[in-house]
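Overview (structure and organization)
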Amino acid sequence: MTGKVSKNHNENYLNYVKTQEPPTKHFKNCLSAFGVGGLICCIGQFIRFMLEYAGLSGDELAGCTSMILIFLGTLLTGFGVYDRIGRHAGAGSIVPITGFANSVASPAIEFKTEGWIYGMAAKMFTVAGAIIVFGVFSGVLVGLVYLFI
C-alpha cells in the first residue's frame, strides 16, 4: 500500500511542479546563445587579425590570441560581468575558450574566503578539472599515435 501512495504522491508533486515552472523559450535561448557565442568568436578573430597585422604568425599568433581571450574571460569574471553574460547567453558563453577561463576563475573567486589552499586552490578546478584531465589524456594519446606512425 505504501508504494501506491508514494507513487501517487510523486505524480501529484510532478504535476504541481509543471504548473509552477515558467515555460521554456527554446528559440530565444538558442538565438541568444548563437549570437553571444558568435560575438565572442568575432572578438577573437578581431584580436587575431590585429596580432597578425602586428607581425605575429603561426604558433605565436594562435598562442597570443588564446592567452588574450583567456585573460579577458578571467578579467570579466573577476568584475562579475561574465556571469551576467552567461545568464543571458547560456551555452553561448560557455563553449568558447573564455568560458573555460570563467569555469576556473569563478570557483577560485567564490571560495577565496576559505583560504589559499583549502579554498581557492582546492576548489579552483572543480568544474574545469575533468576538462583538463581529458585534454591532457587525449593529447598524450594523439602524441603516441604520431610517435608510432
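All of the points below concern the structure found in this document. (Residues numbered from 1 in each chain as written. Predicted model: local features only at pLDDT ≥ 70, side-chain atom pairs only at ≥ 80, totals over all residues. Heavy atoms only, no water.)

1. A look at the overall build of the chain
The cut-off we apply is this: Helical segments are the DSSP runs of H or I of at least four residues, strand segments are the runs of E of at least two, and each set is numbered from the N terminus. Only C-alpha atoms enter the radius of gyration, while the globule expectation follows 2.2 Å times N to the 0.38, with N the number of residues. Only protein chains enter the accessibility calculation, which uses a 1.4 Å probe; a residue is then buried when its area is under 20% of its type maximum, exposed when over 50%, and partly exposed in between.
Along the chain, the regular secondary structure elements total 8 helices and 0 strands. Taking 149 residues into account, the globule formula puts the C-alpha radius of gyration at 15 Å, and the chain, at 22 Å, lies well above it. On the principal axes, the C-alpha backbone points of the chain span a range of 75 × 45 × 35 Å. Counting all 149 residues of the chain, 20% fall into the buried class.

2. Comments concerning a nonpolar patch on the surface
Note the following rule: Put simply, a patch holds well-exposed residues, over 30% relative accessible area, that have no salt bridge, with like charges counted together within 9 Å and Val, Leu, Ile, Met, Phe, Trp or Tyr side chains within 5 Å. The Shrake-Rupley method, run with a 1.4 Å probe, gives the accessible areas here. Residue values count only the displayed protein chains as cover. We define a salt bridge as a side-chain nitrogen of Lys or Arg found within 4 Å of a carboxyl oxygen belonging to Asp or Glu.
Taken together, the side chains of Phe125, Ile132, Val136, Phe137, Val140, Leu141, Leu144, Leu147 and Phe148 present a nonpolar region at the surface, about 910 Å² in accessible area. Mapped onto the elements, phenylalanine 125 comes out in the loop between helix H7 (116-123) and helix H8 (129-148).

3. Notes on helix H6 (residues 97-110)
Stated formally: A helix is expected to reach a length of 1.5 Å times the quantity of its residues less one. Whether two residues are in contact is decided by their heavy atoms, any of which lying within 4.5 Å being enough.
With 14 residues, H6 should cover 20 Å at 1.5 Å per step; its first-to-last C-alpha distance of 20 Å lies within 8% of that length. Taken residue by residue, H6 has Thr98, Gly99, Ala101, Asn102, Ser103, Val104, Ala105, Pro107 and Ala108 as its buried positions. Elements in contact with the buried residues of H6: helix H2 (26-53), helix H3 (58-78), helix H4 (81-89), helix H5 (91-94) and H7.

4. Here's the deal with H3
Note the threshold: This arc is built from the directions going out from the helix axis to the C-beta atoms.
The first and last C-alpha atoms of H3 sit 31 Å apart over 21 residues, in line with the 30 Å expected at 1.5 Å per residue. Of all the residues in H3, the buried ones are Leu61, Thr65, Leu69, Gly73 and Thr77. Along the long axis of H3, the arc covered by the buried residues comes to 135°, so they all point the same way. Seen from the buried face of H3, the exposed residues on the opposite side, beyond 90 degrees, are Asp59, Met67 and Phe71. Those residues of H3 that are buried are in contact with H2, H4 and H6. Looking one or two residues beyond H3, the residue adopting positive phi is glycine 80, at roughly 85°.

By themselves, these observations are geometric and do not establish any function.
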